[in-house]
Amino acid sequence: MKPMAQMAMVMNLDKCIGCHTCSVTCKQAWTNRSGVEYVWFNNVETRPGEGYPRGYEDQTRWRGGWTLNRRGRLRLRGGGRWRKLATIFSNPKLPRLDDYYEPWTYDYADLTTAPLQQHTPVARPRSLISGKPTKITWSANWDDDLGGAPEHGHRDPMRKGLEDRVKFEFEQTFMFYLPRICEHCLNPSCAASCPSGAIYKRSEDGIVLVDQDRCRGWRMCVSGCPYKKVYFNHRTGKAEKCTFCFPRIETGMPTICAETCVGRLRYIGLVLYDADRVLEAAATPDDTDLYDAQRSILLDPNDPEVVRAAEREGIPRDWIDAAQRSPVYSLINTYRVALPLHPEYRTMPMVWYIPPLSPVVDIVRDTGHDAEDHGNLFAAIEALRIPVDYLARLFTAGDPAPVTAVLRRLAAMRSYLRDINLGREPKESIAARVGMTGEQLYDMYRLLALAKYEERYVIPAAHAEQAHGLEQLATGCSLDYDGGPGMGGAGPETTGESGPFGESSGGASPIAVENLRMLHARQTADTVAAPVDKGNRVNLLNWDGKGRPDGLFTPRPGSAGNGKGRPA
């Protein structure tokens, strides 16, 4: 047993209202730069729907993630070293810009400079890629609230085979919101796919990052990620992805998306897992057993043997304490209501979801029955096969039994707490029917409905003695070993060139998440597509507070301004 720490997230889909606040704040914090206008580290999809990019779940087309070979061993679905070498200069498995969307702005100046005319002037859309006029035909949120379902809904890969039950007629359809970020997998296929070894998984907290110095822009990581959460910056020629807001995590703060979530549906915590069993779990023969296999490698942080092993591996005591208080572990293994997204990709994702119960409750209420009665709810869950089968394809590789079990626990919690809220004696039989106690149902209710900030986010701060590791540890793929399925990858101890694509060129340095010169050029641009340094505007975002930038303060008498403090 080799315990390792992993930062993880759980999202309660029953509480997501689709407001996209998480997407906007993430965009402002991480991708408000030239070259990544189309990039959304966090996006909220309406399901059923194509998702973003379009049809990313169709792995017969994109060939992302892992699969098993004839001997039952893991291999990249997109091929190994030789296939990547043969397609290194022409990768055929990349989403096109149309699969994302062509970012645009508007000719706002036309609204104020247009001559007097009979009709109101219009600010026409203009491409942020070419700078030319464009037509808006798609976006990251085109399917919002099933808005594009009549025309595009049939392309949802998860709907295939369920067409007779997942319909888009007004009276027969259903929808829910699915927020998505990088899964920060235990076995990331993006890291294994990278020929340059630029993507690495930090061993101290499991966050997957891109080393911008090593990245050569081969874009194999984009193909290898089955969730399509690695993006290509066409300005810098580098790959970029969700960083799990690691500068905030290191100081004990939650991610931007979690901090600003209106529905308070996100939970962040530390879990301990057995690194020695990642290969075994990821290579589970039956796809439907992968959910239980992944749960089994998460270690009980209250087990004295696990605690001793974690201390031997150098995990700080306060991190172990945080793992013992982790809401993520409680939701995954104690209450067993959280499920991984597409475990069949075999990447061991660490962003889990509580499936929505609301469609079931709505159906019961609409039939005129008591929607909070446990008998009615349990019967409805068994009968309402449309959402359960669809949810099973998302979270349990098509097996409806675990999804049904989760929905039954959530329904039992509602019924049990209803008796308490009405002053009636709670029925222990309700809890017993779902394999729980009344106390567990009440504790789960408090965590899901009443948890305060410090209970939803249990994040231990980084230690000063870990500073060197935070900057340089690059463990690559969890399955990267001699003879293993990983693509390799140079750690910080490697010297010299270890391959034809420069795997170890440059040292392992902290990820550069913000290019200040590019940001300044973008914010002082003459055009929307080709930023030009104007040098005559004040950029408060890059001003360090020193000196007196021109235009910020009223010039002193007899002074033309010293220009100090102007961002370079």
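The rules behind these values
Residues numbered from 1 in each chain as written. Predicted model: local features only at pLDDT ≥ 70, side-chain atom pairs only at ≥ 80, totals over all residues. Heavy atoms only, no water. UniProt positions renumbered as here; feature names shortened; annotations may be inferred. Helix = DSSP H or I, 4+ residues; strand = E, 2+ residues; numbered from the N terminus. Contact = heavy atoms within 4.5 Å. Areas by Shrake-Rupley, 256 points an atom, 1.4 Å probe, with all protein chains shown as cover. Disulfide = S-S within 2.5 Å. pLDDT = per-residue confidence, 0-100. Expected span 1.5 Å × (residues − 1). Polar contact = N/O pair within 3.5 Å; in protein donor to acceptor, adjacent residues only side chain to side chain. Buried < 20%, exposed > 50% of the residue type's maximum accessible area, 1.4 Å probe, protein only. Pairing = 2+ DSSP bridges. Phe/Tyr/Trp six-rings, centres within 6.5 Å; stacked < 30°, edge-to-face > 60°. Lys NZ or Arg CZ within 6 Å of the ring centre and 35° of its normal.

Per an unreviewed UniProt entry, the chain carries the name Respiratory nitrate reductase beta subunit and comes from Nocardia mexicana. Per UniProt, the chain carries the Subcellular location (unreviewed entry) text "Cell envelope".

**A look at the overall build of the chain**
Secondary structure assignment for the chain yields 23 helices and 16 strands. Put simply, 70% of the contacts in the chain that link residues at least 6 apart link residues at least 24 apart. Summed over its atoms, the accessible surface of the chain is roughly 25200 Å², and 51% of this surface lies on carbon and sulfur atoms.

**Examining the state of the cysteines**
For the coordinates displayed, the defined rule picks out zero disulfides. For the unlinked cysteine Cys 194, the closest cysteine sulfur is that of Cys 221, found at 6.0 Å.

**Considering the confidence of the model for the chain**
Per-residue confidence for the chain averages 82 on the pLDDT scale, and 76% of its residues sit at or above 70. Within the model, pLDDT remains below 50 along residues 471-476, and this stretch shows 21 contacts once partners closer than five positions in the same chain are excluded. Across residues 561-568, where pLDDT falls below 50, the model places 23 contacts with residues more than four positions away in sequence or in other chains.

**Some points on unusual backbone geometry**
With an omega of 0°, the peptide bond running from Arg 47 to Pro 48 counts as cis. Within the fold, Pro 48 resides in the loop between strand E2 (43-47) and helix H2 (59-62). The linkage connecting Tyr 52 with the following residue, Pro 53, adopts the cis geometry, with an omega of -5°. One non-glycine residue, His 184, lies in the positive phi region at around 45°. If you trace the backbone, His 184 turns up in the loop between strand E7 (176-180) and helix H6 (189-193).

**Some words on helix H18 (residues 400-421)**
In this model H18 runs 31 Å from its N-terminal to its C-terminal C-alpha over 22 residues, within 8% of the 32 Å that 1.5 Å per residue would give. Of the residues that open H18, the one with a side-chain oxygen 3.2 Å from the backbone nitrogen of Ala 401 is Asp 399. A positive backbone phi angle near 80° is found at Gly 423, which sits one or two residues after H18.

**A look at the pairing of strand E1 (residues 3-12)**
Within E1, 10 of the 10 residues are buried, which leaves the element mostly enclosed by the surrounding structure. Residues of E1 alternate between two faces, with Pro 3, Ala 5, Met 7, Met 9 and Met 11 on one and Met 4, Gln 6, Ala 8, Val 10 and Asn 12 on the opposite face, all of them buried. One ladder, built from nine bridges, connects E1 with strand E12 (residues 266-274); its direction is antiparallel. Among the inter-strand pairings, Val 10 is bridged to a residue of E12, identified as Tyr 267. One ladder, built from four bridges, connects E1 with strand E15 (residues 351-354); its direction is parallel.

**A word on the packing of aromatic side chains**
If you walk through the whole model with that rule in mind, you get 17 aromatic pairs. For the pair Tyr 52 and Tyr 101, a centre-to-centre distance of 6.2 Å together with 50° between the ring planes defines the contact as tilted. Linking Tyr 52 in the loop between E2 and H2 with Tyr 101 in the loop between helix H3 (81-86) and strand E5 (104-106), this pair joins segments that are 49 residues apart in sequence. Owing to a relative accessible area of 0%, Tyr 52 belongs among the buried residues under this scheme. For Tyr 101, a relative accessible area of 8% translates into the label buried. Here the aromatic cluster, defined as three or more aromatic residues joined through ring pairs, consists of Tyr 38, Phe 41, Tyr 52, Tyr 100, Tyr 101, Trp 104 and Tyr 231. Cation over ring: Lys 27 sits above Trp 40, and NZ or CZ is 4.9 Å from the ring centre.

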